[in-house]
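# Observations on the model geometry
This is what each chain is made of:
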Amino acid sequence: MTDDAYDDLVRKLDLAQKVRLLTGGTAWRTHAEPDIGLRPIVTSDGPVGVRGQGWDERSTSLTLPSPTALAASWDEDLVGRLGALLAAEARRKGVDVLLAPTINLHRSPLGGRHFECYSEDPLLTARIGAAYIRGVQAHGVAATAKHYVANDSETERLTLDARVDERTLREVYLTPFEAAVEAGVWVVMAAYNGVNGATMTENPLLAEPLKGEWGFDGLVISDWGAVRSTAASARAAQDLVMPGPDGPWGEALVEAVRAGEVPEEAVDDKVRRLLRLASRVGALCPDDPAPGSFLAAAAPAVPVEPAYAERGRVLLREAVAASTVLLRNEGSLLPLDAGRLRRVAVIGPNAATPRVQGGGSAGVYPVSVTTPLEGVTEALAGRAEVAHAAGVHTTGHPTPLGLGNARDPRGGEPGVLVRLLSADGAELHAEHRLTGRILEPATAEAASAVEIRAWLCPPVGGTWRLAVAGWGRVSLAADGRTLLEEEVERDTDDPATVHLHPPYRYADLELTAGRDVELVATRRLDPGTGLASVLAADPPRRGDAEELAAAVELAGGADVAVVVVGSTDESESEGYDRTGLSLPGEQDALVRAVAAANPRTVVVVNAGGPVDLPWREEVPAVLLSWFPGQEYGGGLADVLLGAAEPGGRLPTTWAGRALAGTTPSGGVLEYAEGPLIGYRAWLGEQEPPAYWFGHGLGYTTWAYEGVAAPARVVAGEPFTVRVRLRNTGGRAGREVVQVYLEPAGGPGTARRLAGHARAVAGPGEAVEVAVEVPARALRHWDAERHAWAYEPGPVTVLAGRSAADVPLVTGTTVVTDGPV
């Protein structure tokens, strides 16, 4: 449709109709407007899958590796194919707008939502994010670049004011968003936080550079609950308030327009952008404005067909191997020779219960999950015995009832019974669910309480730890006997905590193996406290010393020990930052004990962001698997046994300490380090990090033989760096060739990534790769002129395999008559 056509539609609406469209109709969809053929636009959280509207474990999703893992692939083609898979999932679930990708930066490894962002480097983030956007939108589903901008940590995230100087904003934090606009992104999400004194939903950065200089013609959607004013946010370039139907605009905005506080032209522009988005995703049909199914919403979700799921699994398994980073491989322990293995020890709690995705609003319910233990067991079936020991306890987090230990007391099938009750206890609605973690039960008018009821079938006897979670009045009973009853007051406004992580209350109960007990958890539904309710139960567990001894004994009798360590929901999640980088519990002690018992020890790190690895020089092999999605086990087994090469390279520096903090002071978080984050900052430290940005090994070796760059480059124009390298190993392999620039003088002198390319070669084969360096790689922001500038003079060009390992060095000279 043309701009004139959108204008014609806007003119058909009165002020109240227009304003109504600018606040969500529900938590996940916009309003319809039959007069102009507009149906609701349906949104869904991402980025590792398409959950759909709301939280229901019966609606499963193909689950990708975490964004940090995708960035570790340094493979835009792969990310584009995964974006296409997400678009297919969105269409399957009737979703028009995927609320992803997150293109904030890894400013500090302490950031709790580290796993949901790509990298510490703005260029790598920009390239991977753009590939994701193109992959999704090529199939008629909108991607959402979020969270605009400087939303790089969780502490006080709803209210903090990020103080970022102009140059740093332009050169670092705005760069991925500029690339997203260039990639044609249809939606940008305004963040909760403020930047330089103005909350982002009222911030002038929405107008400039986003809509003005960059020419963004799409829709600015708010983060959920981020709009807190009427006139101020409506005068800004904020377009859509979510969620709905309540909010600060509505009738208040109508009155503000009539009072002259907000120009009606501003409202018209917002509606025009909404209609443009609707047209792009197929939600606008002005030639057929008749009521009916068209106006209801996009099509409802359809089941996952086996053939479709299998194609998805193949791609997701490929992505696991492509993103896995081999940090260390002394003595070429990896890949393992399956023909020589008779007994394999797979150790660690994350081996049997891994984290395949991060915690928080981006969560989905996977179609299936293959654990590392299952993947290795399947790969070695008929060839070697595989045994498991947890070795340590890493979490005190309760385990919700599930299909393996609970039955619905009405039908007897595995799972739980969820009932919605009236104020007098009458049943308004009942449904069978698959888990005791109920984030969104079916809503019923006049419901005042949620009840979760199940028969617990204890496989072992002893003292069980039972738990109930929720806000308001909560109670827990067993076989009709009340175990606890307590008032839980809401103590936070953070939506991730309110709606996803309500606090637990506990009770211990002696149970007999094989003897069922009926558990009933109830919580009162108070206004503003969400719907989340949980019924959980955990069996008695072995003591720490006994658990560790069993793991050491198992490792000592094995041909190889694979130890899977990692983070927990309590240590790494949306809603809070980390206070340190150590692995939870006694996992460091576990690694050291296993390595002492078996010198052939492989450690696999299952974490979304950097953790301290104090034992890294004490084990021969270390793999980083991130949060790798549902096909974790199969992809990891492919890497361990050599069916696939670990293709990942670090998208962020790994160290045992953070150079930047995440705790605001007086509500202000100073970005005092300026543009020197990640490897740019570590290059100035006396003690190097454990592993540099860009680091990663494969199953072959490479010799970097030569580099060539133009003698002179014209400011404002791209150029090509050619790198020659040779595969000096015994098998074919893939190398990520990285090019960095270091201007000799001026304000932009820090080393920075300028481009990368993939080299593929067989044993002994030499190959030349062309690394394209964009024109923007040489520019810097002139804060006095408020414009981009280029510094004439010499620039060092470095090529290699990480930010610090750059064996090839040449130079070029930038030619310019002045700022461009």
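Residues numbered from 1 in each chain as written. Predicted model: local features only at pLDDT ≥ 70, side-chain atom pairs only at ≥ 80, totals over all residues. Heavy atoms only, no water.

### Overview of the overall build of the chain
The helix and strand inventory of the chain stands at 20 helices and 36 strands. At 27 Å, the chain has a C-alpha radius of gyration in line with the 28 Å of a compact globule built from 820 residues. Out of the 820 residues belonging to the chain, those deemed buried represent 60%. Counting contacts in the chain only where the partners sit at least 6 residues apart, residues at least 24 apart contribute 76% of the total. As displayed, the chain has an accessible area near 29,000 Å², and 50% of this comes from carbon and sulfur atoms. (Helix = DSSP H or I, 4+ residues; strand = E, 2+ residues; numbered from the N terminus. Rg over C-alpha atoms; globule rule 2.2 N^0.38 Å. Buried < 20%, exposed > 50% of the residue type's maximum accessible area, 1.4 Å probe, protein only. Contact = heavy atoms within 4.5 Å. Areas by Shrake-Rupley, 256 points an atom, 1.4 Å probe, with all protein chains shown as cover.)

### Looking at empty space enclosed by the protein
Scanning all chains against the criterion turns up 6 cavities of 30 Å³ or more. Counted as a void, the largest cavity has a volume near 110 Å³. Looking at the largest cavity, it is lined by 16 residues, and the ones nearest its centre are Arg113, Cys117, Asn151, Asp152 and Ser153. In the lining of the largest cavity, the residues fall into 2 nonpolar, 10 polar and 4 charged. (1 Å grid on protein atoms, 1.4 Å probe; cavity = no way out; pocket = protein on both sides within 12 Å on 5 of 7 lines; lining within 4 Å. Points joined across faces, edges and corners; volume = space filled by probe spheres on them. Nonpolar A, V, L, I, M, F, W, Y, C, P; charged D, E, K, R; others polar.)

### Remarks on the side chain of Arg578
Looking at the secondary structure, you find Arg578 in the loop between β23 (560-566) and α18 (587-597). In this structure Arg578 is buried but unpaired, with Glu572 as the nearest side chain of opposite charge at 4.8 Å. When residues no more than four places from it in sequence are discounted, the contact partners of Arg578 are Pro109, Leu110, Gly112, Ser571, Gly609, Pro610 and Val611. (Lys, Arg positive; Asp, Glu negative; His and termini not counted. Salt bridge = Lys/Arg side-chain N within 4 Å of Asp/Glu carboxyl O.)

### Some points on the packing of aromatic side chains
Throughout the structure, instances matching the rule amount to 11 aromatic pairs. Plain terms: the ring middles of Trp55 and Tyr365 are 6.3 Å apart, the flat faces sit at 90° to each other, and that makes the pair edge-to-face. Taken together, the residues span a long stretch of sequence, with Trp55 in the loop between β1 (43-45) and α3 (67-73) and Tyr365 in the loop between α14 (349-352) and α15 (372-379) at a distance of 310 residues. Comparing Trp55 with Tyr365 shows no difference in burial state: the two are buried. Measuring from ring centre to ring centre gives 5.4 Å for Trp74 and Phe693, while their planes differ by 50°; the resulting arrangement is tilted. (Phe/Tyr/Trp six-rings, centres within 6.5 Å; stacked < 30°, edge-to-face > 60°.)

### Some thoughts on the confidence of the model for the chain
Per-residue confidence for the chain gives a mean pLDDT of 95; residues scoring 70 or more make up 97%. The least confident element of the chain is helix α12 (residues 293-296), whose mean pLDDT is 43; the most confident is strand β8 (residues 219-222), at 99. In the model, residues 290-296 has pLDDT below 50 throughout and makes 17 contacts with residues more than four positions away in sequence or in other chains. (pLDDT = per-residue confidence, 0-100.)

### Some remarks on the pairing of strand β22 (residues 533-538)
The side chains of a regular strand alternate, residue by residue, between the two faces of the sheet. Counting buried residues in β22 gives 6 out of 6 residues, a clear majority hidden from the surface. On β22, burial covers both faces: Ser533, Leu535 and Ala537 on one face and Val534, Ala536 and Asp538 on the other are all buried. Pairing of strand β15 (residues 437-438) with β22, which is carried by 2 bridges, proceeds in the antiparallel orientation. Across the sheet, the residue bridging to Arg437 is Val534, located in β22. (Pairing = 2+ DSSP bridges.)

### A short note on the packing of helix α5 (residues 122-137) against helix α7 (residues 175-182)
For the pair α5 and α7, the least separation of the axes is 8 Å and the interaxial angle reads 30°. Here α7 runs roughly parallel to α5, going by the angle between their axes. α7 is crossed by α5, and the crossing has right-handed handedness. Contacts between α5 and α7 involve Pro122, Thr125, Ala126, Ala130 and Ile133 from the first element and Thr175, Pro176, Ala179 and Ala180 from the second. Looking at the contact of α5 with α7 residue by residue, the class counts come to 7 nonpolar, 2 polar and no charged. (Axes fitted to C-alpha atoms, helices over the stretch in contact; angles between N-to-C directions. Parallel < 35°, antiparallel > 145°, perpendicular 65-115°, else oblique. Left-handed = near helix turned anticlockwise from the far one by under 90°.)

### A look at the environment of Arg313
By secondary structure assignment, the location of Arg313 is in helix α13 (residues 306-323). Among the residues examined, Arg313 registers a relative accessible area of 23% and is labelled partly exposed. Arg313 sits 250 residues away from Thr63 along the chain, and the two C-alpha atoms are 9.0 Å apart. Apart from residues no more than four positions distant in its own chain, Arg313 is found in contact with Val367, Ser368, Gln630 and Glu631.

### Focus on the sheet that holds strand β24 (residues 601-606)
The strand order across the open sheet formed by 6 strands is β9-β25-β24-β23-β10-β11, and the pairing between neighbours is mixed. With one partner strand each, in any of the chains shown, β9 (325-329) and β11 (385-389) form the two edges of the open sheet. The sheet shows a mean angle of 20° between the axes of neighbouring strands, taken without regard to direction. With 4 bridges connecting them, strand β10 (residues 343-347) and β23 associate as parallel partners. Bridge pairing links Val346 to Val562 in β23.

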